[in-house]
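Notes for the structure review
This is what each chain is made of:
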Amino acid sequence: MSSTTRTLITGLLVLVAAFLVWLVIPAGTSFPGNAEAPSSSPALVERGAYLATAANCGTCHTAPGGEAMAGGLAFNTPFGTIYSTNITPDADTGIGDWSFADFANSMRHGVRPDGTHLYPVFPYTSFTKIGDDDLAALFTYLNSVPAVRQSAPANELSFPFNLRILMKAWKALFFDNGEFVADESQPGDWNRGAYLVEAFAHCGECHSPRNAFGAAKNGLAMSGGEYLDKVAGGKYKPWFAPDLTSSEAGLGLWAHEDLADYLHTGRNAFLDSIGPMNEVIMHSTRHLDRADVEAMATYLKSLPAASPVAREPVSERIMGRGRTIYNLHCGTCHLPTGLGDPEMGPKLNQGSLVVQAPNPASMINVILYAPDVADLPPRWRMPMDEFQYILDDEEVAAVASYIRNSWDNRAGLVTPDQVARQR
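Per chain, residue numbering runs from 1 following the sequence as it is written. Whole-chain, interface and lining totals are the exception, using all residues; otherwise, since this is a predicted model, local features are given only for residues with pLDDT of at least 70 and side-chain atom pairs are given and counted only at 80 or more. Just so you know, side-chain values use all the structure's heavy atoms and leave hydrogens and water out.

1. Some points on the overall build of the protein
Along its length, the protein carries 18 helices and 5 strands. Surface accessibility in these figures is a Shrake-Rupley result with a 1.4 Å probe; residues are shielded only by whichever protein chains are displayed. As displayed, the protein has an accessible area near 20500 Å², and 57% of this comes from carbon and sulfur atoms. Positive charge is attributed to Lys and Arg, negative charge to Asp and Glu, and no charge count is given to His or to the chain ends. By convention, the point assigned to a charge is CZ for Arg, NZ for Lys, CD for Glu and CG for Asp. Considering the protein, the positive charge centre built from 30 side chains and the negative charge centre built from 45 side chains are found 6 Å apart. Comment: elements are numbered from the N terminus, with helices defined as DSSP H or I runs of at least four residues and strands as E runs of at least two.

2. Side note on the side chain of Asp-243
On the secondary structure map, Asp-243 appears in the loop between strand E5 (236-241) and helix H10 (256-265). Exposure classes here rest on a 1.4 Å probe applied to the protein chains alone. A residue is buried below 20% of its type maximum, exposed above 50%, and partly exposed in between. Here a salt bridge means any side-chain nitrogen of Lys or Arg lying within 4 Å of a carboxyl oxygen belonging to Asp or Glu. No salt bridge is formed by the buried Asp-243; the nearest opposite charge belongs to Arg-311, separated by 7.0 Å. Within the structure, the side chain of Asp-243 is placed 2.7 Å from the backbone nitrogen of Thr-245, a separation counted as a polar contact. Residues adjacent in sequence count toward polar contacts only when both atoms are side-chain atoms; beyond that, a polar contact is any pair of N or O atoms within 3.5 Å, and within protein one must be able to donate a hydrogen and the other to accept it. Reaching out from Asp-243, the side chain makes a polar contact with the side chain of Ser-247 at a distance of 2.6 Å. Once you skip the residues sitting within four places of it in the chain, Asp-243 turns out to touch Met-222, Ser-223, Gly-224, Ala-249, Gly-250, Leu-251, Ala-306 and Leu-353. Only heavy atoms enter the contact rule, under which two residues are in contact if any of them lie within 4.5 Å.

3. Looking at unusual backbone geometry
Backbone geometry follows two general trends: most residues other than glycine have a negative phi, and most peptide bonds adopt the trans configuration. The omega torsion across Phe-159 and Pro-160 is 5°, close enough to zero to call that bond cis. Along the chain, Pro-160 falls in the loop between strand E3 (156-157) and helix H7 (166-174). For His-202, which is not glycine, the phi torsion reads 40° and is therefore positive. With respect to the helices and strands, the residue His-202 is situated in the loop between helix H8 (188-200) and helix H9 (204-207). Look at His-202 and you get buried, because its relative accessible area is 15%. Its identity is not glycine, yet Trp-407 carries a phi of approximately 60°, on the positive side. Here Trp-407 shows up in the loop between helix H17 (393-404) and helix H18 (416-422).

4. Focus on the nonpolar core
Within the largest apolar cluster, 53 residues are counted, with the highest numbers of intra-cluster contacts made by Ile-130, Leu-138, Phe-200 and Trp-254. Once residues lying within four places of it in the same chain are set aside, the contact partners of Leu-138 are Gly-48, Leu-51, Ala-52, Phe-103, Met-107, Ile-130 and Phe-200. Residues belong to a common nonpolar core when they are buried Ala, Val, Leu, Ile, Met, Phe, Trp, Tyr or Cys residues joined through side-chain atoms within 4.5 Å. Tyr-326, Ile-364, Ile-367 and Val-419 belong to the second largest nonpolar core, which has 27 residues in total.

5. A closer look at the confidence of the model for the protein
Residue-level confidence of the predictor, termed pLDDT, takes values from 0 up to 100. In this model, the protein carries a mean pLDDT of 91, and residues with pLDDT of at least 70 account for 91%. Segment residues 1-10 is flagged for pLDDT under 50; beyond a separation of four residues in sequence, or across chains, it makes 2 contacts in the model.

6. Quick look at the pairing of strand E4 (residues 225-230)
In this description, strands pair whenever DSSP reports at least two bridges between them. Where E4 meets E5, 6 bridges bridge the pair, whose relative direction is antiparallel. Looking at the pairing, Glu-226 lines up with Phe-240 of E5. Once E4 ends, the chain turns through 5 residues before running back antiparallel as E5, passing Gly-233 with a positive phi of about 110°.

7. Examining H8
The span one expects for a helix is its residue count, reduced by one, times 1.5 Å. A rise of 1.5 Å per residue sets the reference length of H8, with its 13 residues, at 18 Å; its end C-alpha atoms lie 17 Å apart and thus fit the reference within 8%. Trp-190, Asn-191, Gly-193, Ala-194, Tyr-195, Leu-196, Val-197, Ala-199 and Phe-200 are the residues of H8 that are buried. Where H8 is buried, its residues contact helix H2 (42-54), helix H5 (124-127), helix H6 (132-142) and helix H12 (290-301). Phi turns positive, to about 40°, at His-202, one or two residues after H8.

8. Focus: a nonpolar patch on the surface
Each patch is built from residues that are more than 30% exposed by relative accessible area and take part in no salt bridge. Like charges join if they lie within 9 Å; nonpolar side chains (Val, Leu, Ile, Met, Phe, Trp, Tyr) join within 5 Å. Side chains of Phe-159, Leu-163, Ile-165 and Leu-166 sit close together on the surface and give an oily, nonpolar patch of about 390 Å² of accessible area. Checked against the element boundaries, Phe-159 lands in the loop between E3 and H7.

9. Quick notes on the sheet that holds E3
In space, the 3 strands of this open sheet follow the order E1-E2-E3, with antiparallel pairing throughout. Here the strands that pair on one side only, and so sit at the sheet edges, are strand E1 (74-77) and E3. When E1 meets strand E2 (residues 80-83), the two strands line up antiparallel, connected through 4 bridges. Across the sheet, residue Ala-74 finds its bridge partner in E2, namely Tyr-83.

10. Description of the pairing of E2
Where E1 folds back onto E2 in an antiparallel hairpin, the turn is made up of 2 residues. Sheet analysis places E2 next to E3, joined by 2 bridges and oriented antiparallel. Counterpart to Gly-80 in the pairing with E3 is Leu-157.

11. Points about the packing of aromatic side chains
Two rings from Phe, Tyr or Trp (for Trp, the six-membered ring) form a pair when their centres sit within 6.5 Å of each other. Planes less than 30 degrees apart are called stacked, planes more than 60 degrees apart edge-to-face, and all others tilted. Tallied over the entire structure, the rule returns 16 aromatic pairs. Centroid distance Tyr-195 to Phe-200: 5.4 Å. Interplanar angle 85°. Geometry classified as edge-to-face. Taking relative accessible area as the criterion, Tyr-195 reaches 11% and is therefore assigned buried. By way of ring pairs, the aromatic residues Phe-122, Tyr-124, Phe-127 and Phe-175 are connected into one cluster.

Laid out in C-alpha cells, this is it:
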C-alpha cells in the first residue's frame, strides 16, 4: 500500500470519527444569554484598550491601508485563505448589534451570534481563557472605536474545510474551553505572566507545532511551530516560530532580562526583532507596562525544556564549503567568531534562537530575503544584503549548515531542498 493511499485512508477514518463525535458530543456551554452588558466608563474603555493591545487585536483586524479594526486582512493557511472580520461597532458589518453574551460566546466558544462556528485562525482557543471582567472591558472598548461599514471578503477555503459545520467536530476533538485558573503554588507575577501569555498574547498559537487538522499538538506547547507569513518583499513563505521553552535551542539561551528587553523594546544583546515578530512587538508588547512584560518573561522562562529534536550531522565537505561562503559574505559583519559586532551585525553564536531552531525556515528566509527589521532607530551601520540572487540553493544550504554547527551552535544540517522550499 502506497503512502498516499495510507494517508487518504487515515484521513477518511479521522473524518468519520470526527463526524461520530459531532453527533454525540454537544458543542459546549454557552455564555449566559441574559448576561448584562457592562456599564461604559472612561476607566473601563481605557482598560479595554490596554487589553486589546495585549491581544494585538488591531494587527489582525486591520488590512494594509484599511480602517482600524475593520477587518479584511488575509491569513494564508494550509487549508486556504481566511480574512479577518470587522470588529468595529457598525451594526450591519461589524459587532454593533452584538450583545455582550454574543461577544463572550465568540471569544470563549468560537461561535457567532447566529450559531455558526468560527475558524480557529481567530484564536479563541487562547481567548477562551480570558476572564469575564476582562471580556467586559474589551467589549466596552471595541464599542467605543469609530464604526466602519465594511464587509470582509469571502474566505477562500478548499473542500471540505469550507464547511463550517465540521468545526463542531474539530472543537469536540481538539478544543478545551474555559477561563484561566491561577496556580496557587506559584507567585502572583508568574500567574499574571501565564494569563497574559496563554490568554491575551496567545503566544502558543504560533509557537506550538500543529497536527494535520491545524490543532496544537498535545504536550508540545511553546516548543516551536511553522506557519505562513510574509518575508521582505511581501511574498508568503513558511516561518518557524522558535522554541519558547527552556531548552538549549530555545529560551534556555537567554536570561530573564534578555527576554524582557526583547519584548519591551524589540531588541536585546543578541538581536533586533525581525519578520513576523515585528508586528507583535511594535503593536503590542512594547506598549505594555514593564511589570507585565517582566511577568511574561517570568512565566516563559519557567517552562520546562522541550525534548531535543534529532539533528542530522554535517559533513566536513559541507562545513568547508560553508566556511568559505561565510568568510566571503558574512564574516565582516558577524565576525569569524560568530559573536557579531556592536556596529556591524548581531551575534550568530551564543544566543540566536533562529540559528538554533530545529526547523531552519526562518534562518533561510533571512539569508534569501534579508531581515525585515522592526521600525526602530538604526543599530547596524549597514543593512544586511539579500542573497536570493547571489547564492544558489546548495550555497545557501552550506553556509546555513556551517553557521548552525560552528562555535557553540549544534543545530544540524540544512539541505538544498529546504532552501528551494523557501524560494
